[in-house]
Amino acid sequence: MKYLAIETATECCSVALFHDDAIISESEVAPLRHNEIVLSMCERVLAQAEVGLSQLDGIAFGCGPGAFTGVRLAASVTQGIALAQDLPVVPVSSLAALAQAAHCQHEASQVLACIDARMQEVYVALYQLDENRIMQLEGEEQVIEPALVSVKVHEHCMGCGSGWRPYAEILLERCGKAIAFDADAAPQAEFVAVLAKPRFERGETVSATEALPVYVRHDVAQKPKSRAI
């Protein structure tokens, strides 16, 4: 199986190619430059594996939540490639990609993934490792004020994502435990690819026209009512 993965929901722009059970990836922190570099990054990982677009079996993308322009960019690039090559698509949560990275890199079995949503809110979700070593969502993804986050975590939980940078003290208080956290972690296409693999294998794909971004916050002009998780 060969498929491309794209993740641009935060300041980090990344692409990855799953090829012959290996992942080739490229990542760059490039605020406001994602649209300038994402296609060339795709070309480089494909060239490294000597794989053409016509040889791909599918494409996955980080569907958000995250920066509105970044989430839209990943969706639009994915749609363009998928339409041109008639490829199936797997949308993957950017928060889930954060959680999967925390497991793969730090052996975390539970993760509170949290991305700064601006406007004094965070995109947040709790993930638990399953028997196949894939992070599964517990509850739902939300946009919420940090002081209203309510989660039950265990001692092996880890926090990750940009939301931990400004709100670590509040989030630790809401967790009720002094868990480790990585505020510099950003969603990466490498882990979008990891999460997409079992879904490609099960045929859990959508068409190019259904490859849509997930914003969570539906109206940037008016904040939604906060809900606890």
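Residues numbered from 1 in each chain as written. Predicted model: local features only at pLDDT ≥ 70, side-chain atom pairs only at ≥ 80, totals over all residues. Heavy atoms only, no water.

A. Region of interest: unusual backbone geometry. Between glycine 64 and proline 65 the backbone carries a cis peptide bond, its omega angle lying at 5°. Mapped onto the elements, proline 65 comes out in the loop between β4 (58-62) and α2 (68-85). Its identity as a non-glycine residue notwithstanding, aspartate 86 has a phi of 55°, on the positive side. Relative to the helices and strands, aspartate 86 is located in the loop between α2 and β5 (89-92). (Helix = DSSP H or I, 4+ residues; strand = E, 2+ residues; numbered from the N terminus.)

B. The arrangement of the sheet that holds strand β1 (residues 2-7) in detail. In spatial order, the strands read β3-β2-β1-β4-β5; together these five strands make up an open sheet with mixed pairing. Each having just a single partner strand, β3 (22-29) and β5 make up the two edges of the open sheet. Between one strand and the next, the sheet's axes are offset by a mean angle of 15°, whatever the strand orientation. Note that strand β2 (residues 12-19) and β3 share eight bridges and pair antiparallel. Bridge pairing links serine 14 to serine 27 in β3. (Pairing = 2+ DSSP bridges. Axes fitted to C-alpha atoms, helices over the stretch in contact; angles between N-to-C directions.)

C. Quick peek at the pairing of strand β7 (residues 121-129). Burial analysis of β7 places eight of its nine residues in the buried class, the great majority of the element. Taken together, the eight bridges between strand β6 (residues 110-118) and β7 define a ladder with antiparallel strand orientation. Paired with aspartate 116 across the two strands is valine 122, which belongs to β7. Connecting β6 to the next strand, β7, in antiparallel fashion are two residues, including methionine 119 with a positive phi near 50°. Pairing analysis gives seven bridges linking β7 to strand β8 (residues 135-144), with the strands arranged antiparallel. Counterpart to valine 122 in the pairing with β8 is isoleucine 144. Between β7 and β8, which follow one another and run antiparallel, lie five residues, and arginine 133 among them has a positive phi close to 65°. (Buried < 20%, exposed > 50% of the residue type's maximum accessible area, 1.4 Å probe, protein only.)

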